[in-house]
Every structure is written in structure tokens, then in C-alpha cells.
Amino acid sequence: MKKLLSKEIRKTFLDFFESKGHHILPSVSLIPDDPQLLFTVAGMVPFKKIFWGLEKPTHKRVATVQKCLRTNDIENVGKTPRHHTFFEMLGNFSFGDYFKREAIEYAWEFLTKQLEIPEEKLWVSVYEDDEEAYNIWTKVVGVDPKKMVKMGRDNNFWGPVGPSGPCGPDSEIFYDLGLLVKECPDPKNCTPACDCDRFLEIWNLVFTGLYQDENGKIGELEQKNIDTGMGLERVASVLQGVENDFETDLFIPLIQQAQNIFNIKYGENQKRDVSMRVIADHSRAAAFLIADGIFPSNTERGYVLRRIIRRAVRHGKLLGMNEPFLYKFIDTVNEVMGDFYHEVPERLEFIKQTVKIEEEKFFKTLDQGLSLIEKIISSSSTISSAEAFKLYDTYGMPLDITLDIASERGVKVDVKGFNALMEEQKMRARKNRGNKFFIDNTYESLADTKTEFLGYDLLESKAIVVAILSQGKKVKRLNTGEEGEVIFNQTPFYAEKGGQIGDTGVCEFETGSAKVLDTYMKGPVHVHKVKITSGTLEVMSNVKLKVDVERRKSIARNHTATHLLHAALRKVIGEHVKQAGSLVGVERLRFDFTHSNALTAEQLTEVEKMVNSYIFKSIPVLTKVMPLEEAKKTNAMALFGEKYGDRVRVVSVNEFSMELCGGTHVSNTGEIGPFIITEERAVASGVRRIEAITGWNSLESFRKIRTKMSLISKILETSENGIESKIETLLRENKKLKNENDSLKRKNILNDLKKEVDKAKKSGHDFVVFEAPGISSSEIRNLADSAVNMLGNGGIAVVVSSNGEKTSFVVKSKNFPIKAKKIAEKVAASFNGRGGGRDEMAQGGWNGKANIDKIKRLVGEFKKI
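Model, not experiment: these values are computed from the prediction.

Draft legend 1. Structural detail: the overall build of the protein chain. When helices and strands are counted, the protein chain shows 24 helices and 34 strands. Taking the principal axes of the C-alpha coordinates as reference, the protein chain spans close to 120 × 80 × 50 Å. Looking at the protein chain residue by residue over its 865 residues, the buried ones come to 50%. Residue pairs at least 24 apart in sequence account for 68% of intrachain contacts in the protein chain once pairs closer than 6 positions are excluded. Side chains of the protein chain carry 126 positive and 120 negative charges; the gap between the two charge centres is 7 Å.

This is the structure in C-alpha cells:
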């Protein structure tokens, strides 16, 4: 058996299948082009539409090494030899080309000839009714029937995902590890059907040749496909002769770094080993998620990343760490993986910075959260749903961590109630987002309806109505006043995507017309939202479509300006800047980008000047359609997370800006007009946002400013050039008047205080209670000092200030047996407030108004004690 490093295994796999006529494709992003999935969870995910028959394959045979992420069993990571969040899947795929025989023969040849794994160490399972696969294994490949296992649907049948869809039997290949520590009930007759962990599944061959309908009936697919998956971590453990994935070359450098950082040794303590393995696993997941454009947040993908980082931090805390450490592992992830996955070295510093910022945030609340958990479990055997949600919502404690701690301490967590509270929160978020892009079966049934987009070259065109929907259901017509969604065979209307909003305009037909209110994609379907102005629009009607030209021009100005802004930011603040989101609208543009710090005024000015310089040069904006591989060679910017076909559209402005983009643009930068940055701010950890305006909107902004300046100059009775000096003069005068007013106010208060002290003395009292509304806490203390000094040789002074909603007070004691601290405590308690301090000076307060007479009685009663 060959001893291969992980990078050698990847290369051997891809070289082998390339020799078998497979087209080698790179790994796609962890962010899938699939609204039903948060992450790319398997090697077949990028080809899901092909398996579902929604797209035709460009290549009949494909092989990939696909990065994947799953968190459904995150609680087991580090505790078992094989559980991971981030992992790599080696896969070969056939779309209507070869089927069972070739898939089986290729797998066996690769394992036994290329990797030289001894045949006697391999076992095979097949679906119990799949005689074809069984015969291929035993009669064609020559596997000993004694090493064949037939299993039921739960083990050897894939799909469908949901009530209907493609499905089929599968065949799994196992490596015999020998008897492990886990006890086997029947060692002599042990097979892969046993759960003793002796047999390690290393490759799954799925024969997707069937389709199950909604009634559960299974039939043959016209196009039979092959989908295989082999975990790199698992096969590496076999070839490197270790029993644990964490002891392969994919993890050992990270484990060694953990030993150095935490000053402990791996293999000496089981609990510490689990923590080190969790940190090693989670550092890989965090690095790749951030590299693919995910940022820590409290929603969807961002929350998964936050959970992963915070789980790692908690395990670092268990190892004695009280400051950020996980970001230090990212360099090692890069050393191990960066040669194959270039997105990690390209974004290395940004990844480290993002992880460190998230660690810092969590360390600030971690101790508080852990203290709350300790308090809860000290008096209860269950952490309630409300308590678990508070830990999540207030202290940033993911449920995973709460469950881990609860398990360690032997207490329960009301997970069901917690999930209900989370769902309530999600429902509120969904209401805020709306459901324009929700896809149901009606739209999936229209997936084969192709709409040709003409809008790059035309803003008017003829078309035929292919389908009409009303409230998500297919209908034959829409009448006057009704709204619905219409699909045409061709259209000049751009559908919202890539950050650019959809077109609006008019649809004219024989009996009337309709307003096109919006245009957007629902899956592969190009949808026009319309409202019938007059007449009746029917399926198969001939229509004339007219885009709102001025609106489209404004959008185009903003879109091209967004490209120039992106390029300028990379030149001014660094190549680490990547687009993290955008909105290209009519009145403004919004651009989110990866950067941790606020831009300085100088940087913003430089960016704005640079964009305008390329606008004023009136440079042609060129678009060219080319193969994706050719576009990559031109260094055109691609948006991470976007899915690109084999042919892409490249939009360029000289050498300054070059991006893969399907949006609409101006033909010359001079058409953009003035570019003005209106705002720059943070929107998430490590993500900044710039908003800007162009064209007529910029001119309108200038006009409004000019009008305001004219109005201000009239109010100030000066010229526009003199506004600044006039304001400075007024501010100085105002400050002087304020100081004079404050001085007079203080004198008046002191006079009133003196009168109150004199009154107390005449009454034979050696204490005074004085109210001074609306003054600061420092002024209260100063007045208390003055009051106690006015009393003479000794006494008590209480100064109270109230704004009607809250009351504050200070007590001063001088040469007097009664302590200020005791008085403050009693006065505050009588108003349900809090008070305390020293013997000579104390303070307190409460919510609500002050009652001076009551306070005088309290102090007087105190004096009699």
C-alpha cells in the first residue's frame, strides 16, 4: 500500500480520472447556488440541477476535489476519530454517460492499482435488490462473495431528497481496520453490517438511475447518472497507517501548534485531546468560510461561522486560554491547504483579522455567560428555554456550547423550547425580508421554460407570453386591475441579481397594456411582475415590451460606478478588499467590502477622486464573453460565492477595472457623471459599507446643498464665503454667554443654599437638605461641600437633584457622630433606591421624583437616634 500525503492523494485521484476521460473541475465555494442549502455539504451539490434534469451538462464526465461543510453532528467533533465540520470529498461523476459497471471498475482500479490497497483489506456492500451491481462486483471485478454484504434501503439506497426526485441504489467500499477497542458481538463473523467500527467506509458509489414521484412510485430515469464520494481525510488515514483522521498530515501540524500554544502534550489527557482536536477542526472550517465570503453574524451562514469560532474559543478556555488564540492557527491552515486552495493565501491576513475580532468579542462576554450557567445549574437540573436563549442572545453563547457544558455537568437543556424561541426570531426576520425569491414547486415546474435576455442590446422587443401566474398558481389570463407574474419567451427586462435591481416598464398587447412593476429570478425562471392597466393578457399573447429607459440608465451609471469604486478601494486601502455585497439601484449605489477599520477622511477623498478621474477621462466600457478559464487568466475579478458557467461576461474599464459581471452598464465612463460618496460605515465584523450617488442624483444633491447654503447665508446675514467665519463667531459668542449664564446660575444656587443653611441654623438644626434641580453629579458634590462648610463646626448636608424621572443625591458629614453612609442607605431605601459610600461622603439615587419634606423628616429622625 502506498504511503501518500494528502496533496499526493488529491493529485493521484484527479490524474487517474483525467486519464479516464473526465473533465477536472475546481472546487466550488462553500456557499452553494441552491436556496435550499446553507452550505456545500457534498461533492454532488454543484451538479444538483443536472441530476434533477434542470440543466444540461457541459461535460459528460467530471471529477472534483470538493471542499464541504456540515454541522449537523458538530457535538461529536473531536470526540470520535472521523467527525469533522470542514472536509474534502473526492468524487467522479457521469451525466448520462457510463453507469454501474464503469463506476465500479474505476473505483476498484483506483484503490487497488493506483493506491495499492490490498484487495483482502477491502469489503463491499450493495443494495439488497441490486443484483446487477452484485454481479459486476463478483463476476466482472472478481471480489470474493464472502466479502460482499447486501443491505437494506436504510444503508444502501440514496434519495430522494424530499417526497420526490432522483434516487437509486448505492454501493459502499470499506477498509478492514481489524478489531478495535469497541467490543464486537460476533468477531468471527463480523462484516460491514456490524457497528463495531472495524470497517471504515471510504467510498460511496451512487447509481442515480431512478425517480420517485410524490405518490412513492419509482420509475427509471431517462438519463442515468453516477455520483461518487470518497472522504480525503478517511483515505489519508488508511494510506498513512493511522486510526484517527486527526493523526494524518491534514491535522498533525495543527495539533502540534496547539501543543505549543497551550503548553500541553497531545495523547496524555483525553479531555485535553478532545479540545485540541476541536480547535484543529474548527480553525480549518473558520478559515475556509471566511475565505468564501462568510462573516460572523447572528443569521444563517454567518451564525454557523460564529458558532464554530466560539466553540473553538470555549475549548481554548478549557485549556487555560483567556485571550485570542484561534487566529494564530490560520497560518498553519494555509501552510497545509494553501497550495491547493488559493483563496486562503489570497485572503490570509483578512481571515486572521476577522477571526481575532470575533474572538475578542466573545472573550468579553464568555466569563459572564459561563458564570450564568454555573448559577443556573447550581440550583436546577435543567437549563430552561428562556435561560438558553438569554445565553445565546445576550452573551453570544451558541446552543452547542450550552449543550456541551450541560452534558459535562449532567443537566438537561430545554432544546425544544429554545428552538421555538429561535423560530419566533427567524419568523420576525422573514417578515422583514419578504418572500419575493421564495421558490415552490410551481416555479420548479417552469424550469425548462427558457427566456432569452435581449437587454444588453435592446430596451424594446416583441415577445410571446409563455406562462402566467397569480398568487403562485398557473392561470390562463389576467384582467384589468389584476396583478400577476408573467414569463415571456424573450425579454429586454433585466431580472434582479448580482446586486442590481430589476427593470420596470410597460408591456403592450392587442387589447391593452400592463405596467411591469419588477423583474426577478425565481430559480432559473425569469419572472416579470405586472399589473394590467387595461384589457386582458393571455398565455400565448403577442406583446411589445418596453423598458423604462431613464431608470435603466440611472441603474447602469451606478453599476459601472460600483466597479470603479471596487477598483479604487483595492488601490487605496489594499488588495485584501473584496466585495461582500452590493445594491445597485436607481437613486444610489451601496457597496459592502472586506475591511476592518473605518476609512479616514483622506482615504475617502482619495477614493472619490480616483473614481471621478476615470469618469472624466470618458473611457469606453468594454464587455466581452469568453471561456471562464480564459477570463481567469486575465485576472478579472470574480465574486466569491457566485456561480459562473463555462462562458462568462467580462466588463472592463482599461486595465483599471476588470470584473466578471452579468449586469448592465454604461458604454463610456463619461456617462456616469459626478460620483459622490455619501456615507461610509461598518455593517458587520470585518465588513464596511460605502453608499454613493452618480449622474443626475449627484447634480440634484449639489442643487440642494446650494439652496441650503443660500438659505443659511440669508439667516446669518452674510455671504456664502463668510458662512464659516460667521458660525465660528456665533459659536464663540454663544459659549461666552453660556459660561456667563452658568456662572450666574451657580451664584443663584449658592445664594439659595446659603439662605437654606441660615434658615436651618436659626431653627437650631445642624443639618440641611437642599434641592438643586437639573445639575450634574460633580456639581451636586461641590454644593454638598459648600453646604457642610456653611454649617460651621460640624453637621450633615444632603443635596438632591431631580429631573422628574430620576433623582440623585449626595450626603456630606463633618465633625459629626452620624455617618453619611448610614443616612444615604436609609434615604435611598425609603424611595426603593440604592445608596452607600464612606463615613464622610456618600451618595445614592432612585427612579422617580424627589420629596424634600420626606427627606428632611428622615434625616431629622436619624439625628434623634
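Draft legend 2. Unusual backbone geometry, seen in detail. Between G159 and P160 the backbone carries a cis peptide bond, its omega angle lying at -5°. Counting through the fold element by element, P160 comes out in the loop between β6 (157-158) and β7 (165-176). Positive phi values are uncommon outside glycine, yet N263 reaches one of about 55°. As for its position among the elements, N263 is in the loop between α7 (252-262) and α8 (270-291). In this structure, E717 takes a positive phi of about 60° despite not being glycine. Structurally, the position occupied by E717 is in the loop between α20 (695-716) and α21 (723-762).

Draft legend 3. Structural detail: the packing of helix α3 (residues 100-114) against helix α4 (residues 131-141). For the pair α3 and α4, interaxial distance at closest approach is 10 Å and the crossing angle is 50°. Between α3 and α4, the angle is such that the two are oblique. The element α3 and its partner α4 pack so that their crossing is right-handed. Residues K100, R101, I104, E105 and W108 of α3 lie in contact with α4, whose contacting residues are E132, A133, I136, W137, V140 and V141. Residues that form the contact of α3 with α4 fall into these classes: 7 nonpolar, no polar and 4 charged.

Draft legend 4. Local environment of the pattern of salt bridges. Across all of its chains, the model carries 40 salt bridges by this definition. The salt bridge partner of E88 is R10, with a shortest N-O separation of 2.8 Å. Taken together, the residues span a long stretch of sequence, with E88 in strand β3 (residues 86-95) and R10 in helix α1 (residues 6-19) at a distance of 78 residues. For the pair E88 and R10, one class covers both residues: buried.

Draft legend 5. A look at the environment of W123. Its location among the elements puts W123 in strand β4 (residues 122-127). By relative accessible area, which is 10% here, W123 ends up buried. Separated by 222 residues in the primary sequence, W123 and P345 have C-alpha atoms spaced 40 Å apart. Excluding residues that lie within four positions of it along the chain, W123 makes contacts with K146, K147, V149, E172, I173, F174, D176, C190, T191, P192 and F199.

Draft legend 6. Structural context of the environment of Q223. By secondary structure assignment, the location of Q223 is in strand β9 (residues 218-231). On the accessibility criterion, Q223 (28% relative accessible area) is partly exposed. Distance in space between the C-alpha atoms of Q223 and K121 is 34 Å, their sequence separation being 102 residues. Once you skip the residues sitting within four places of it in the chain, Q223 turns out to touch I50, F95, G96 and T208.

Draft legend 7. Region of interest: the sheet that holds strand β33 (residues 834-837). Strand order in the open sheet formed by 5 strands is β30-β31-β32-β34-β33, with mixed pairing between adjacent strands. Two strands lie at the open edges of the sheet, namely β30 (767-771) and β33, each paired on one side alone. Neighbour to neighbour, the strand axes of the sheet diverge by 15° on average, direction disregarded. By the bridge criterion, 5 bridges tie β30 to strand β31 (residues 795-802) in an arrangement that is parallel. The partner of E771 across the bridge, within β31, is V800.

Draft legend 8. Focus on the side chain of R311. Positionally, R311 belongs in helix α9 (residues 300-318). Judged by relative accessible area, R311 falls into the buried class, the value being 2%.

Draft legend 9. Fine view of the nonpolar core. L111, W137 and W203 are the most contacted members of the largest nonpolar core, which has 116 residues in total. Apart from the residues lying within four places of it in its own chain, the contact partners of W137 are I104, W108, V124, V126, G142, V143, M148, S171, I173 and L205.

Draft legend 10. View of the sheet that holds strand β26 (residues 647-653). Taken together, 3 strands build an open sheet; the order of strands is β25-β26-β27 and the sheet is antiparallel. Two strands close off the open sheet at either side, each with one partner strand: β25 (622-627) and β27 (657-660). Direction aside, the axes of adjacent strands within the sheet are offset by 25° on average. Of the strand pairs in this sheet, β26 and β27 are connected by 4 bridges, and their pairing is antiparallel. Its bridge partner being in β27, V650 is matched across the sheet by L660. Against the sheet, helix α17 (residues 549-573) contacts β26 and β27, and its axis sits at roughly 115° relative to β27.

Draft legend 11. Just the packing of aromatic side chains, in detail. As enumerated under the stated definition, the model contains 35 aromatic pairs in all. Between F17 and F110, the aromatic rings sit 6.4 Å apart at their centres with planes inclined by 35°, giving tilted as the arrangement. In this pair, F17 sits in helix α1 while F110 sits in helix α3, placing the two residues 93 residues apart along the sequence. For the pair F17 and F110, a shared accessibility class is recorded, and that class is buried. Between F831 and W846 the ring centres are 4.1 Å apart and the planes differ by 5°, which places this aromatic pair in the stacked class. With a gap of 15 residues between them, F831 in the loop between α23 (820-830) and β33 and W846 in strand β34 (residues 841-847) connect regions that are remote in the sequence.

Draft legend 12. Geometry of the pairing of strand β18 (residues 505-509). Summarising the sheet, β18 and strand β19 (residues 512-522) pair through 5 bridges and their orientation is antiparallel. Bridging across to β19, C507 finds its partner in A514. Joining the antiparallel neighbours β18 and β19 is a turn of 2 residues. Both β18 and strand β22 (residues 542-547) contribute to a ladder of 5 bridges, which runs antiparallel. Note that in β22 the partner of E508 across the bridge is K544.

Draft legend 13. Geometry of the state of the cysteines. One pass over the full model with this rule turns up 0 disulfides. As a non-bridged cysteine, C190 has C196 as the owner of its nearest cysteine sulfur, 3.5 Å distant.

Draft legend 14. Molecular detail of a nonpolar patch on the surface. Together, W696, L699, F702, I705 and M709 line one region of the surface with nonpolar side chains, adding up to about 520 Å² of accessible area. For L699, the position within the fold is in helix α20. On the accessibility criterion, L699 (40% relative accessible area) is partly exposed.

Draft legend 15. Geometry of helix α12 (residues 348-379). An ideal rise of 1.5 Å per residue puts 46 Å on 32 residues; α12 measures up with 46 Å between its terminal C-alpha atoms. Maximal helix bending in α12 amounts to about 40°, located at T365.

Draft legend 16. Just the pairing of strand β20 (residues 525-534), in detail. By the bridge criterion, 4 bridges tie strand β16 (residues 483-488) to β20 in an arrangement that is antiparallel. Considered in β20, the bridge of E483 is made with K531. One ladder, built from 9 bridges, connects β19 with β20; its direction is antiparallel. If you follow K515 over to β20, its bridge partner there is K531.

Conventions used here
Residues numbered from 1 in each chain as written. Predicted model: local features only at pLDDT ≥ 70, side-chain atom pairs only at ≥ 80, totals over all residues. Heavy atoms only, no water. Helix = DSSP H or I, 4+ residues; strand = E, 2+ residues; numbered from the N terminus. Buried < 20%, exposed > 50% of the residue type's maximum accessible area, 1.4 Å probe, protein only. Contact = heavy atoms within 4.5 Å. Lys, Arg positive; Asp, Glu negative; His and termini not counted. Charge placed at Lys NZ, Arg CZ, Asp CG, Glu CD. Axes fitted to C-alpha atoms, helices over the stretch in contact; angles between N-to-C directions. Parallel < 35°, antiparallel > 145°, perpendicular 65-115°, else oblique. Left-handed = near helix turned anticlockwise from the far one by under 90°. Nonpolar A, V, L, I, M, F, W, Y, C, P; charged D, E, K, R; others polar. Salt bridge = Lys/Arg side-chain N within 4 Å of Asp/Glu carboxyl O. Pairing = 2+ DSSP bridges. Core = buried A, V, L, I, M, F, W, Y, C linked by side-chain atoms within 4.5 Å. Phe/Tyr/Trp six-rings, centres within 6.5 Å; stacked < 30°, edge-to-face > 60°. Disulfide = S-S within 2.5 Å. Patch = residues over 30% accessible without salt bridge, like charges linked within 9 Å, V, L, I, M, F, W, Y side chains within 5 Å. Areas by Shrake-Rupley, 256 points an atom, 1.4 Å probe, with all protein chains shown as cover. Expected span 1.5 Å × (residues − 1). Bend = angle between axes of the 7 residues up to and from the residue.

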